[in-house]
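The lines below spell out each chain.
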2 protein chains.
Amino acid sequence: MSKRVMLTVAYDGTHYHGWQIQPNVPTIEGILNRNLSEMLGEPIEVIGASRTDAGVHSLGNIAVFDTNARIPAEKISYALNQRLPEDIKIRKSEEVAADFHPRKVESRKTYEYRIWHDTFPMPTERLDSYFVYTPLNIEAMKKATRYLEGEHDFTSFCSVGTEVESKVRTIYQLEVLTEEQETGNQGLNGKAQTKDAVDQKQITGGMIRIRVTGNGFLYNMVRILAGTLLEVGKELYPPEHVREMIEAHDREAAGPTVPAHGLTMISYQIC
Amino acid sequence: MSKRVMLTVAYDGTHYHGWQIQPNVPTIEGILNRNLSEMLGEPIEVIGASRTDAGVHSLGNIAVFDTNARIPAEKISYALNQRLPEDIKIRKSEEVAADFHPRKVESRKTYEYRIWHDTFPMPTERLDSYFVYTPLNIEAMKKATRYLEGEHDFTSFCSVGTEVESKVRTIYQLEVLTEEQETGNQGLNGKAQTKDAVDQKQITGGMIRIRVTGNGFLYNMVRILAGTLLEVGKELYPPEHVREMIEAHDREAAGPTVPAHGLTMISYQIC
């Protein structure tokens, strides 16, 4: 008696060539297929919700597969995690309807693009954030998000050559979140110990999170949204210009695709 | 004309045998000495504020050294960061008084011990948090912090064999901070797609941060404080028992030393 099982999969994508299986290189899908096949004693091929690129991370991607094995679906997470490397772990396993397909059902996905904004890079943040040292107008970035939220044809925010029926997607929410950084030698300046009164604000960095929830994302769309918001932050053009970028339906109109390692898939929800 | 320079140093300690220089293995101090000596053309030996253990991270440790080089102190950060590996970066460099010694001045240090508390480990958090899956009584942990704050003889919270004049230290603040976790396939359960109504609370984990600020810490003290608070969280003994542990002046009385990789030095401040 076959059943369909859904895995919620978290991974650090640093050492993988992305989700999608490819010959001779490690991929998330490849590691899951091999370990599930060995564990369940039958050939398993998972279907992923999001085929993340090389270097992209996830707190909760979805993998679905069918099995004839007797092991209860909710026990698969425990058994599989014993075999998986420490940079890929199953957060949950559960049985789903036999016709459930994670890319053919209406869903909401949330992604986060993290930017370490400071004079210098931060070692402990280097694997899952993009380092930017140029001044950024955060208020302008926040203002630009308003033009991107809602239903639009996102052709300008999609890699050239992407073949999909429609490039219309809905962004439910797009936020630019900032955190104050807490570190360094605060309180040292202005004291007798420092010879020169170095400006206390010399260490001023912190993490900027671009968080987006939508009904689906085109190829490289989140990284192009982040690259565009960064250009607004650098005041290369005003926030309102983003509206024209959308209307251009031309990849050349929008900002650059920023590096993959700043991107994390946060969650997948069925609508 | 010699000057004394202070560096604020951030590092991911994963690949180092701690701060203190040792033959034949990579250490933070060793990397700083070698790169500063090569760059400035004279032998440099830094003095650190905190000799962190192997695997411990820092957002702002302090390294002080004297140099005859003409480069302005505040430019050293830029030049040195060009040479340093990506897991060690200088956040700031500045000139300090010729007699400034980071361990001989009254200071406040803040450390954070991070615990990933969930059914399974989280790949993206694995390098700087300790994974705990057992249930924890967070309120009991918070209550126990009250007995540890203040001035105490912390002999029970210090590795045996530590040679220091006094084991009296002051903890200005000790907090147990929790964050709700945001991930997974929320909203999926209870929908038609799931065959079984799996409890929504199956994914319930998150990060617990034990944050402590004091005038100094004995060898392994923060890791023993964290290990003790975890035993309180596991309800092995009530929060009040921590008072007896302190009074015992015996390392055997307190909880275990939890692993180094959960620990991060957050900041150093002159009082």
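Now for a quick tour of the structure. Remember, it's a predicted structure, so these values are computed and weren't measured experimentally.

What counts, and at which threshold
- Residue numbers here run from 1 along each chain, matching the order of that chain's written sequence.
- Here chains are named by letter from A upward and ligands by number from 1 upward, in the order in which they appear as written.
- Confidence filtering applies because this is a predicted model: local features only for residues at pLDDT of at least 70, side-chain atom pairs given and counted only at 80 or more, and all residues used for totals across whole chains, interfaces and linings.
- Here the side-chain values reflect all heavy atoms present in the structure, with hydrogen atoms and water set aside.
- Each helix is a run of H or I in the DSSP string that is no shorter than four residues. Each strand is a run of E no shorter than two, and both are numbered from the N terminus.
- Relative accessibility thresholds used throughout: buried, under 20% of the residue-type maximum; exposed, over 50%; partly exposed, between the two (1.4 Å probe, protein chains only).
- Only heavy atoms matter for contacts: two residues are in contact if any of them lie within 4.5 Å across the pair.
- Counted as salt bridges are all cases of a side-chain nitrogen of Lys or Arg within 4 Å of a carboxyl oxygen of Asp or Glu.
- Counted as positive: Lys and Arg. Counted as negative: Asp and Glu. His and the chain ends are not counted at all.
- The angle between two axes is taken between their N-to-C directions and runs from 0 to 180 degrees, where each axis is a line fitted to C-alpha atoms and a helix contributes only its stretch in contact.
- Helix crossings are classified by the rotation of the near helix relative to the far one: an anticlockwise turn of less than a right angle makes the crossing left-handed, while a clockwise turn makes it right-handed.
- A pair of Phe, Tyr and Trp rings is counted when the ring centres sit within 6.5 Å of each other, with Trp represented by its six-membered ring. The angle between the planes then sorts it: under 30 degrees is stacked, over 60 is edge-to-face, the rest tilted.
- Geometrically, a charge over a ring is one whose NZ (Lys) or CZ (Arg) sits within 6 Å of the ring centre while staying within 35 degrees of the ring normal.
- If an angle is under 35 degrees, it is roughly parallel; if it is over 145, roughly antiparallel; if it lies from 65 to 115, roughly perpendicular; otherwise it is oblique.
- When residues are sorted by character, Ala, Val, Leu, Ile, Met, Phe, Trp, Tyr, Cys and Pro go into the nonpolar class, Asp, Glu, Lys and Arg into the charged class, and all the rest, Gly among them, into the polar class.
- In this description, the arc belongs to the directions extending from the helix axis to the C-beta atoms.
- Here, the term nonpolar core denotes a set of buried Ala, Val, Leu, Ile, Met, Phe, Trp, Tyr and Cys residues that are joined through side-chain atoms within 4.5 Å.

1. Observations regarding the environment of B:Met141
Residues and elements named next belong to chain B. By the element assignment, Met141 lies in helix H3 (residues 138-148). The class of Met141 is buried, set by a relative accessible area of 0%. In contact with Met141, not counting residues within four places along its chain, are Leu136, Val176, Ile210, Leu229, Leu230, Val232 and Gly233.

2. A word on the environment of A:Tyr133
All names here are of chain A. Along the chain, the position of Tyr133 falls in the loop between strand S6 (130-132) and helix H3 (138-148). Between the C-alpha atom of Tyr133 and that of Thr8, which follows or precedes it by 125 residues, the distance is 35 Å. In contact with Tyr133, not counting residues within four places along its chain, are His117, Asp118 and Thr119.

3. Digging into the pattern of salt bridges
Following the criterion strictly, the structure yields 24 salt bridges over all chains and no others. Residue B:Glu38 pairs with B:Arg83 through a salt bridge whose shortest N-O separation is 3.5 Å. Taken together, the positions of B:Glu38 in helix H1 (residues 28-40) and B:Arg83 in helix H2 (residues 76-83) put the pair 45 residues apart, joining distant regions of the chain. Taking the relative accessible area as the measure of exposure, B:Arg83 reaches 38% and is therefore partly exposed. Note that B:Arg114 is salt-bridged to B:Asp128, the shortest N-O span being 2.8 Å. Highlighted residues: B:Arg114 in strand S5 (residues 107-117) and B:Asp128 in the loop between S5 and strand S6 (130-132), separated in sequence by 14 residues. Judged by its relative accessible area of 18%, B:Asp128 is buried. Put simply, A:Glu112, A:Glu179, A:Arg209 and A:Arg211 are held in one network by salt bridges that share partners.

4. Structural notes on the side chain of A:Lys109
Residues and elements named next belong to chain A. Relative to the helices and strands, Lys109 is located in strand S5 (residues 107-117). Of the side chains bearing the opposite charge, Asp53 lies closest to the buried Lys109, which forms no salt bridge; the N-O distance is 12 Å. Residues in contact with Lys109, not counting those within four places in the same chain, are Ala49, Ser50, Val212, Thr213, Gly214, Phe217, Met265, Ser267 and Tyr268.

5. A word on the packing of H3(A) against helix H5 (residues 241-248) of chain A
Residues and elements named next belong to chain A. It is at 8 Å that the axes of H3 and H5 come closest, and there the two elements cross at 35°. The element H3 and its partner H5 pack so that their crossing is right-handed. Of H5, the residues touching H3 (which contributes Ala144, Tyr147 and Leu148) are Val242, Arg243 and Ile246.

6. Observations regarding the packing of aromatic side chains
Residue and element names in this part refer to chain A. Counted by the stated rule, this structure contains 12 aromatic pairs over all chains. Ring centres 6.0 Å apart and planes at 40° place the aromatic pair Phe131 and Tyr133 in the tilted group. Note on Phe131: relative accessible area 28%, which makes it partly exposed. The exposed category is assigned to Tyr133, whose relative accessible area is 58%. Taking the centre distance of 6.0 Å and the plane angle of 80° together, the rings of Phe154 and Phe157 count as edge-to-face. Looking at Phe157, the relative accessible area reads 0%, which means it is buried. In this structure, Arg108 packs its charged tip against the face of Tyr172, placed 4.1 Å from the ring centre.

7. Notes on the packing of H1(B) against H2(B)
All names here are of chain B. Interhelical geometry of H1 versus H2 gives an angle of 115° and a closest axis separation of 10 Å. Relative to H2, H1 is oriented roughly perpendicular. Helix-helix and strand crossings are classified by hand; for H1 and H2 the assignment is right-handed. Residue-level contacts link Leu32, Asn35, Leu36, Glu38 and Met39 of H1 to Ile76, Ala79, Leu80 and Arg83 of H2. Partitioned by chemical class, the residues of the contact of H1 with H2 number six nonpolar, one polar and two charged.

8. Comments concerning helix H2 (residues 73-83) of chain A
All names here are of chain A. Of all the positions in H2, only Ala73, Ile76, Ser77, Leu80 and Asn81 are classed as buried. Buried residues in H2, looked at end-on, bunch into an arc of 120°, giving them a common side. Buried positions along H2 lie against strand S1 (3-11), helix H1 (28-40), strand S3 (57-67) and strand S4 (88-96).

9. So, the nonpolar core
A:Leu148, A:Phe157 and A:Ile210 are the most contacted members of the largest nonpolar core, which totals 49 residues. Those elements that provide at least two residues to this core are S3, S5, H3, strand S8 (168-178), strand S9 (206-214), helix H4 (221-233), H5 and strand S10 (263-270) of chain A. Ranked by residue count, the leading element in this core is H4(A), at eight residues. Every residue in contact with A:Leu148, bar those within four places of it in the chain, is listed here: A:Phe154, A:Phe157, A:Ile171, A:Leu174, A:Leu225, A:Leu229, A:Val242 and A:Ile246. Of all hydrophobic cores here, the second largest spans 48 residues; its members include B:Val64, B:Val132, B:Ala140 and B:Ala254.

10. With respect to the environment of B:Met221
All names here are of chain B. Along the polypeptide, Met221 turns up in helix H4 (residues 221-233). With relative accessibility at 0%, the residue Met221 sits in the buried group. The sequence separation of Met221 and Val242 amounts to 21 residues, and the corresponding C-alpha distance is 14 Å. In this structure Met221 touches Phe154, Phe157, Arg169 and Ile171, once residues within four positions along its chain are discounted.

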